[in-house]
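A closer look at the structure
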Amino acid sequence: MDKRDLLFLAAGVAFVVALSLLLHPPAVQPPAGDIPPPAAPTPPLSPPPAPPEATRPEVAPQRIVYTERPHQYTVYLLPADIASYGNSDPPWVYRNVTTFAVMEGSRGGVTERFAVPYPLWRINCSVAAERTPQYARFQVALMDAETGSLVDALEMRYPGSSTRIIREHSREFYLIVGASQIDRFTIALEVPDDWTGAPVSGCTGIRCG
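Residues numbered from 1 in each chain as written. Predicted model: local features only at pLDDT ≥ 70, side-chain atom pairs only at ≥ 80, totals over all residues. Heavy atoms only, no water.

Moving on: the overall build of the protein chain. The helix and strand tally for the protein chain stands at one helix and 10 strands. Taken from the N to the C terminus, the helices and strands of the protein chain come in the order α-β-β-β-β-β-β-β-β-β-β. Within the span of the protein chain, comprising 209 residues, buried residues form 34% of the whole. Sequence-distant contacts in the protein chain: of pairs separated by 6 or more residues, those separated by 24 or more amount to 85%. (Helix = DSSP H or I, 4+ residues; strand = E, 2+ residues; numbered from the N terminus. Buried < 20%, exposed > 50% of the residue type's maximum accessible area, 1.4 Å probe, protein only. Contact = heavy atoms within 4.5 Å.)

Right, let's talk about the sheet that holds strand E1 (residues 62-63) for a bit. Taken together, the five strands give an open sheet; going across it, the order is E1-E2-E10-E5-E8, and neighbouring strands pair in mixed fashion. Taken across any chain shown, the strands that pair with only one partner, and hence form the sheet edges, are E1 and strand E8 (160-166). Judged from the eight bridges that link them, strand E2 (residues 97-105) and strand E10 (residues 184-192) form a sheet pairing that is antiparallel. Its bridge partner lying in E10, Glu104 is registered against Thr186. (Pairing = 2+ DSSP bridges.)

On to unusual backbone geometry, then. Here the phi dihedral of Ser170 falls at roughly 60°; this positive angle occurs in a residue that is not glycine. Within the element layout of this structure, Ser170 appears in the loop between E8 and strand E9 (172-180). The phi angle at Gln181 is positive, at roughly 55°, despite the residue not being glycine.

Another aspect to go through is the nonpolar core. One recurring pattern in soluble globular proteins is that nonpolar side chains are buried together. Judged by nonpolar contacts, the single largest core of 29 residues is most densely connected at Trp121, Ile123, Phe138, Leu142, Phe185, Ile187 and Leu189. Of all the elements in the fold, those that place two or more residues in this core are E2, strand E5 (121-128), strand E6 (137-144), strand E7 (150-156), E9 and E10. Ignoring sequence-local partners within four residues, the contact set of Phe185 consists of Tyr66, Met103, Glu104, Gly105, Ser106, Arg107, Ser126, Val127, Phe138 and Val177. Judged by nonpolar contacts, the second largest core, of nine residues, contains Ile82, Met143, Ala145 and Ala153. (Core = buried A, V, L, I, M, F, W, Y, C linked by side-chain atoms within 4.5 Å.)

Let us now look at the pattern of salt bridges. Tallied over the entire structure, the rule returns 11 salt bridges. Here Arg184 makes a salt bridge to Glu130, at a shortest N to O gap of 3.4 Å. Of this pair, Arg184 sits in strand E10 while Glu130 sits in the loop between E5 and E6; the two residues are 54 residues apart in sequence, bridging distant segments of the chain. What makes Glu130 exposed here is its relative accessible area of 53%. A salt bridge links Arg164 to Asp152, with the shortest nitrogen-to-oxygen separation between them at 3.2 Å. Of this pair, Arg164 sits in strand E8 while Asp152 sits in strand E7; the two residues are 12 residues apart in sequence, bridging distant segments of the chain. On the accessibility criterion, Asp152 (15% relative accessible area) is buried. The structure contains a network of salt bridges with shared partners spanning Asp89, Asp152 and Arg164. (Salt bridge = Lys/Arg side-chain N within 4 Å of Asp/Glu carboxyl O.)

This part covers the packing of aromatic side chains. Scanning the model with the defined rule gives seven aromatic pairs in all. Consider the rings of Phe100 and Trp121, whose centres lie 6.4 Å apart with planes at 70°: the pair is edge-to-face. Of the two residues, Phe100 sits in strand E2 while Trp121 sits in strand E5, which places them 21 residues apart along the sequence. There is no split in this pair, since Phe100 and Trp121 are both buried. Both rings, one in Phe114 and one in Phe173, keep their centres 6.3 Å apart while their planes meet at 40°; by these two values the pair is tilted. With Phe114 in strand E4 (residues 114-115) and Phe173 in strand E9, the pair connects residues that are 59 residues apart, well separated along the chain. For Phe114, a relative accessible area of 1% corresponds to the buried category. One aromatic cluster is present, built from ring pairs that chain together Phe100, Phe114, Tyr118, Trp121 and Phe173. (Phe/Tyr/Trp six-rings, centres within 6.5 Å; stacked < 30°, edge-to-face > 60°.)

Below you can see the structure in the form of structure tokens.
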């Protein structure tokens, strides 16, 4: 093979190599330090949390206590005709009630003055007498603090519970309590939840006025 044939052969090989590179260029690898990190997966969208349900603020019941000076009132003894008022009113139609004042004890006495701002409320009494239930006797008289007149009353001659619905307000009251042969009692002043938002006198506790 002479020199001329070698040149033609070399030219042909170069042409084939150039055509191969043109049709199939080699992949360019980036430098090791420039390799981008893999993208983080997009977290799925979650629904926004539901807003908290509106709740009515709790009303802490206030304590009713006995006065140390019962003689300051015009009337401080239980009325003689208290038994004529009966022992309980019919059950309330209201399902939810709030206790805004409470009194607990085992003996009788005369309480301090208090005012009730609600036009409708009730006195709810519970009496326990495990030792001598047959002799138990419990009496409560709601008195007008200004005039000393009897507003309402109830009498229980057995353990259990009794209520009295009151529709008097916007003045001061006090209680006269009689307790005989009982172990303990609870007097709760209650108002329907439907009435707690609009006190007549503009106050929300029993110490008003």
